[in-house]
Amino acid sequence: MRPFKLASKEFKDQNTIIEIKSDFKPVFIGEGYCTVIAGPCAVESWEGYLETAKFLKNIGVHMLRGGLFKPRTSPYSFRGLGKEGLDIMVEAKKQTGLPLVTEIMDIRDLDILYDMIDVLQVGSRNMQNFALLDELGKVDKPVLLKRGLSATIEEWLLAAEYILNGGNGKVILCERGIRTFEHYTRNTLDMGAVALVKNLSHLPVIVDPSHATGKWELVTPVAKAAIAAGADGIMVEVHQDPEKALSDGKQSLDLNSFANLMEKVKKLSSLENKKII
Ligand code: PEP
Ligand code: MN
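This report concerns the structure included in the present document.

What counts, and where the lines are drawn
- Residues numbered from 1 in each chain as written.
- Chains lettered and ligands numbered in written order.
- Predicted model: local features only at pLDDT ≥ 70, side-chain atom pairs only at ≥ 80, totals over all residues.
- Heavy atoms only, no water.
- Helix = DSSP H or I, 4+ residues; strand = E, 2+ residues; numbered from the N terminus.
- Rg over C-alpha atoms; globule rule 2.2 N^0.38 Å.
- Contact = heavy atoms within 4.5 Å.
- Areas by Shrake-Rupley, 256 points an atom, 1.4 Å probe, with all protein chains shown as cover.
- Lys, Arg positive; Asp, Glu negative; His and termini not counted.
- Charge placed at Lys NZ, Arg CZ, Asp CG, Glu CD.
- Donors = N, O, S within 2.8 Å, 3.2 Å for Na, K, Ca; no water.
- Axes fitted to C-alpha atoms, helices over the stretch in contact; angles between N-to-C directions.
- Parallel < 35°, antiparallel > 145°, perpendicular 65-115°, else oblique.
- Left-handed = near helix turned anticlockwise from the far one by under 90°.
- Nonpolar A, V, L, I, M, F, W, Y, C, P; charged D, E, K, R; others polar.
- Buried < 20%, exposed > 50% of the residue type's maximum accessible area, 1.4 Å probe, protein only.
- Expected span 1.5 Å × (residues − 1).
- Arc of directions from axis to C-beta.
- Near = heavy atom within 4 Å.
- Polar contact = N/O pair within 3.5 Å; in protein donor to acceptor, adjacent residues only side chain to side chain.
- Salt bridge = Lys/Arg side-chain N within 4 Å of Asp/Glu carboxyl O.
- Pairing = 2+ DSSP bridges.

Before going further, it helps to examine the overall build of the chain. When helices and strands are counted, the chain shows nine helices and ten strands. Over its C-alpha trace the chain gives a radius of gyration of 17 Å, about what one expects of a compact globule, namely 19 Å for 277 residues. Across its three principal directions, the C-alpha atoms of the chain cover 50 × 40 × 40 Å. Within the chain, counting contacts between residues at least 6 apart in sequence, those at least 24 apart form 70% of the total. Taken as a whole, the chain presents about 12,000 Å² of accessible surface, with 52% of it coming from carbon and sulfur. The averaged location of the 36 negative side-chain charges in the chain is 2 Å from the averaged location of its 35 positive side-chain charges.

See below:
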C-alpha cells in the first residue's frame, strides 16, 4: 500500500464528502461540490469584518475565513486580535449563519475555538507540527490542512495521515503554492498536485489562489484554473479596503473584484458539474 494508507484511495475508494452544519444551510466539501471560503487574511475590526461577512454571504460564499492568531514571518508584524477577534467572528456567524474557518497554531487555543469555529485550519508553517496534528486527530471537527511551504506531495499526505490515524476522518487538503526559485509570484501554485492528489486520495482538495500568487490581479485567473483542474473549492482572501489591510493586502481582492470572481466561478462550476448553490 501507499505510505499514506488511510488517506489513500486504495483504502477508501469512495470520495470523502464533509458536511458542515450551519444555521443558514449545510455546507458540503468534496467531490461534486465547489465550496467557496472567503474573508480577510486577519480579523482586524468589528465594522470591517461584519461588512465583509454580510457582503460575502449575499453573493453566495459558503464559509467565512479570518485569522486570529497569525503566523507572521516577523514577530513585529500584526499577529492578529486573538480572543477579541473570535468575538467578532462569532458575531459575523450570528448575523450571516455562515460557518467559520480559522487557523489554530497552538493546541492550547482549542478550548476557546472549539465551540464556535467550524473548521480548524493548520497553516503551511505547521504542516509538520506532528504534536499539533496528533492532537487534532482526537478532535471531532474538520481540519483544513495546508500544504507546507516546501512539502512534497507525500509529506503533505502523510501529515493528513497523522490526523486520520488519530481518528479524525474530516481532513480537507489545501494547495497554497510552494517555494521555488521564482520570485515574481509569492509562491508557485502546484496545479499538477491538485489533479494528482485527487487521484491518490479520497479527501477533498481545495486551492488558495491568494497565498499561491501573492498578487490580487492573479487571484481570479488562478481560481478559475483550480476549478477547471478539479479542485473541490477555493479559499480566497477578501478585504473591504485592501490598501489598508494589516496583512496580505497585496493579494486581497476588494469586495467588487471578489463578486466578479464569484460570478465566474459559478459559471465554471456548472460547466464542471459541481454544485455551488
Ligand atoms: C492563511 O491562510 O492565513 C495563511 C497564513 O496561509 P498559509 O499557512 O498558507 O501561509
Ligand atoms: Mn494571509
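Protein-derived coordination of the manganese ion (ligand 2) comes from Cys41 (SG), His211 (NE2), Glu237 (OE) and Asp248 (OD), at a distance range of 2.0 to 2.4 Å. The sequence pattern describing where the donors of the manganese ion (ligand 2) fall on their chain is C-x169-H-x25-E-x10-D. One end of the pair, Glu237, is in strand β10 (residues 233-237); the other, Asp248, is in the loop between β10 and α9 (255-271), with eleven residues separating them in the sequence.

Moving on, we come to the packing of helix α1 (residues 46-58) against helix α2 (residues 83-96). In contact at an axis separation of 10 Å, α1 and α2 are set at 30° when each is read in the N-to-C sense. By the angle class used here, α1 and α2 are roughly parallel. Here α1 and α2 pass one another in a crossing that is right-handed. Contacts between α1 and α2 involve Trp46, Tyr49, Leu50, Ala53, Lys54 and Lys57 from the first element and Glu84, Asp87, Ile88, Met89, Glu91, Ala92, Gln95 and Thr96 from the second. The class makeup of the residues in the contact of α1 with α2 is seven nonpolar, two polar and five charged.

On to unusual backbone geometry. You will see that Asp248, though not glycine, has its phi angle at about 55°, which is positive. Asp248 gets classed as buried once you look at its relative accessible area, which sits at 19%. A positive phi angle is found at Asn273, which is not glycine, with a value near 60°. The topology assignment puts Asn273 in the segment after α9.

Let us look at α2. Along its 14 residues, α2 runs 20 Å from first to last C-alpha, staying within 8% of the 20 Å computed at 1.5 Å per residue. By the burial criterion, the buried members of α2 are Gly85, Leu86, Ile88, Met89, Ala92, Lys93 and Thr96. Across the axial projection of α2, the buried residues extend over an arc of 160°, all falling on one side. Phi for Gly97, located one or two positions after α2, is positive at around 80°.

Surrounding ligand 1, one finds Arg65, Lys70, Glu103, Gln121, Gly123, Ser124, Arg125, Lys146, Arg176, His211 and Glu237. At 2.8 Å, a side-chain N or O of Lys70 approaches an oxygen atom of ligand 1. Between ligand 1 and Arg125 there is a distance of 2.8 Å, counted from an oxygen atom to a side-chain nitrogen or oxygen.

What follows is about the pattern of salt bridges. Taken as a whole and judged by the stated rule, the model has 16 salt bridges. Put simply, Asp87 and Lys83 hold a salt bridge, and the shortest N to O gap is 3.0 Å. A residue pair is termed a helical-turn pair when its members lie 3 or 4 positions apart in one helix, as Asp87 and Lys83 do in helix α2 at four residues. Asp87 sits in the partly exposed class, given a relative accessible area of 34%. Between Glu263 and Lys266 there is a salt bridge, and its shortest N-O distance comes to 4.0 Å. On the criterion of helical spacing, the pair formed by Glu263 and Lys266 is a turn pair, its members being three residues apart in helix α9. Several salt bridges share partner residues, and in doing so they unite Glu31, Lys198 and Asp232 into one network.

With that settled, the discussion passes to the environment of Asn58. Residue position: Asn58 is located in helix α1. Separated by 38 residues in sequence, Asn58 and Thr96 have C-alpha atoms that sit 8.8 Å apart.

Counted residue by residue, strand β8 (residues 171-175) has five buried out of five residues, so it is predominantly covered. Burial along β8 is two-sided: Val171, Leu173 and Glu175 and Ile172 and Cys174, pointing in opposite directions, are all buried. For strand β7 (residues 143-146) and β8, the ladder comprises four bridges, and the chain directions are parallel. Residue pairing in the sheet places Lys146 in a bridge with Cys174 of β8.

Moving on, we get to the packing of helix α5 (residues 153-165) against helix α6 (residues 191-200). It is the contact of α5 with α6, at a shortest axis distance of 11 Å, that shows an interaxial angle of 50°. Viewed along their axes, α5 and α6 adopt a mutual orientation that is oblique. As α5 runs across α6, the sense of the crossing is right-handed. Contacts between α5 and α6 involve Ile153, Trp156 and Leu157 from the former and Ala193, Leu196, Val197 and Leu200 from the latter. In terms of residue class, the contact of α5 with α6 is built from seven nonpolar, no polar and no charged.

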